[in-house]
Amino acid sequence: MKYHVTTTLEKIQALFSNDDYRIIIEQGGTSAGKTVSTLWVLLDYALAHSNKVISIVSDTFPNLRKGAMRDFLDICRETGVLEVATWNKAESTLTLPNGTIVEFFSCDMMGALGARRDVLYINEANRITWETFSQLEIRTREKIIIDFNPVNKFWAHTEIIEKKRKDSAFVKLTFEDNEALDENTYNAILARKGDGTSNWWRVYGLGEIGSLEGNVYEGWVAEDELSSDLKLLRYGIDFGFSNDPTAVVAIYENDCGEIWLKQELCETKLLTPQLVVRLKEIIESDGDALVVCDNARPEIIAELQANGIRAIGCDKTPGEKMNGKRYNIELVQRRKIHYLRCDKELEQEYLTYAWRKKKSTGEVLDEPEDGHDHCMDAIAYAIRDLERKMVVYAIPRV
């Protein structure tokens, strides 16, 4: 990770250095360089100030470890800081020779929220609640930076930007502000532009607040945790491997007949033996239920069955690719859906799952855009199975 002075970095540094601003809000699209640039700014601050505490925070620790923490350690390794600082892996803290501490914790570690700090950075702030932010804010002495992809409006807009807090600054960043972006990624983003009207391009290309107009689904309710009155009904699986992830979603129902979703898995390059292990862990943790799979991979389904997993192929006949998909969508649309806001990939798919349009006329077609729909397909397979007439599945356990 080489150091580059990009437009994104210059904008963030200018706002962070301005004493008029306590809260810096970074709204941006994909590959804008928000996270890496913010981490460079924080490292610069840490090296220049003694005996400070900097907290770098995200919604869950796995997201933090795979994202901001890994990037920060890479920067420290590249600059030689890691050679003179002390990294405590157990505590997830880096102590610099000048006494400044950089700590990492997630918002599900509630005990950590009570500690005080000088500077706070919340990565993917749209995944935490206003109440959690408020707890963190009142325990921060100097600066707060938050960043997010604007998939929808949330508390940063309603409680800070729209209320015109004088101690806050807002910056919108896009991939065009990141001059360090490699050519392949740059071209891949441009290739998704299409006619420039899709929700994906609006959010991830232009860094603007997403709109569900033209999307397949709308009205789903984001929840912080599962309700207590739920019954596990099915698991849905959409198989993938290299570029496409294997997605597993648990389907629950409450006493009112509303569907609740939990993303159990969304991961690429899973071999079948690994998937078997992961599914057994999921079933052990969340309960046994029929596993409804994409029927395009009968050999994987047979392997799951041979390992004692109650797996079946979804109800999808060879000639019905689009009609069947449209029917599945209609079944999902009939249900009131709740999902967990911490389920990053599921939420992103929901907010960007759109109907196709004719390039020549802009006419909306009666079929969804293909590609970024793995959790959506897993959900549809399971819900379609729920709508079938009662059948006794007798798959022997091995």
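Because the structure is predicted, anything quoted here is derived from the model rather than measured.

Asker: Looking at this structure, I do not really get the side chain of D377. What am I missing?
Answerer: If you trace the backbone, D377 turns up in helix 13 (residues 374–387). Note on D377: relative accessible area 11%, which makes it buried. D377 has contacts with D238, K325 and Y353, leaving out every residue within four places of it along the chain.

Asker: What should I look at first to understand the side chain of R234 in this one?
Answerer: Of note, R234 is situated in strand 10 (residues 231–238). When its relative accessible area of 16% is taken as the criterion, R234 is described as buried. Polar contacts involving the side chain of R234 include one to the side chain of D385, which spans 2.7 Å. Contact partners of R234, with chain neighbours within four places excluded, come to V249, A250, I251, A289, L290, V292, A382, D385 and L386.

Asker: Before we go on, may I ask you to explain the pattern of salt bridges in this structure?
Answerer: Where charged atoms of side chains with opposite charge meet at close range, the side chains can pair. With the rule as written, the count across this model stands at 22 salt bridges. One salt bridge connects E137 with R165, and the closest N-O pair in it is separated by 2.9 Å. You can see E137 sitting in helix 5 (residues 130–137) and its partner R165 sitting in the loop between helix 6 (155–161) and strand 8 (168–173), a full 28 residues away along the chain. Residue R165 is classed as partly exposed on the basis of its relative accessible area of 24%. For the salt bridge of E267 with R278, the shortest nitrogen-to-oxygen distance reads 3.1 Å. Note that E267 is positioned in strand 12 (residues 259–267) and R278 in helix 9 (residues 272–286), a separation of 11 residues in sequence.

Asker: Honestly, the packing of helix 9 against helix 10 (residues 298–306) in this entry has me stumped. Any pointers?
Answerer: Pairs of packed helices are described in terms of their axes, by the angle between the two and the distance that separates them. Across the interface, helix 9 lies against helix 10 with an axial gap of 10 Å and an inter-helix angle of 50°. Regarding the angle of helix 9 to helix 10, the classification is oblique. As helix 9 packs across helix 10, the resulting crossing turns out to be right-handed. The residues of helix 10 that touch helix 9, namely those facing T272, L275, V276 and L279, are I300, E303 and L304. Classifying every residue of the contact of helix 9 with helix 10 gives five nonpolar, one polar and one charged.

Thresholds applied
- Residues numbered from 1 in each chain as written.
- Predicted model: local features only at pLDDT ≥ 70, side-chain atom pairs only at ≥ 80, totals over all residues.
- Heavy atoms only, no water.
- Helix = DSSP H or I, 4+ residues; strand = E, 2+ residues; numbered from the N terminus.
- Buried < 20%, exposed > 50% of the residue type's maximum accessible area, 1.4 Å probe, protein only.
- Contact = heavy atoms within 4.5 Å.
- Polar contact = N/O pair within 3.5 Å; in protein donor to acceptor, adjacent residues only side chain to side chain.
- Salt bridge = Lys/Arg side-chain N within 4 Å of Asp/Glu carboxyl O.
- Axes fitted to C-alpha atoms, helices over the stretch in contact; angles between N-to-C directions.
- Parallel < 35°, antiparallel > 145°, perpendicular 65-115°, else oblique.
- Left-handed = near helix turned anticlockwise from the far one by under 90°.
- Nonpolar A, V, L, I, M, F, W, Y, C, P; charged D, E, K, R; others polar.

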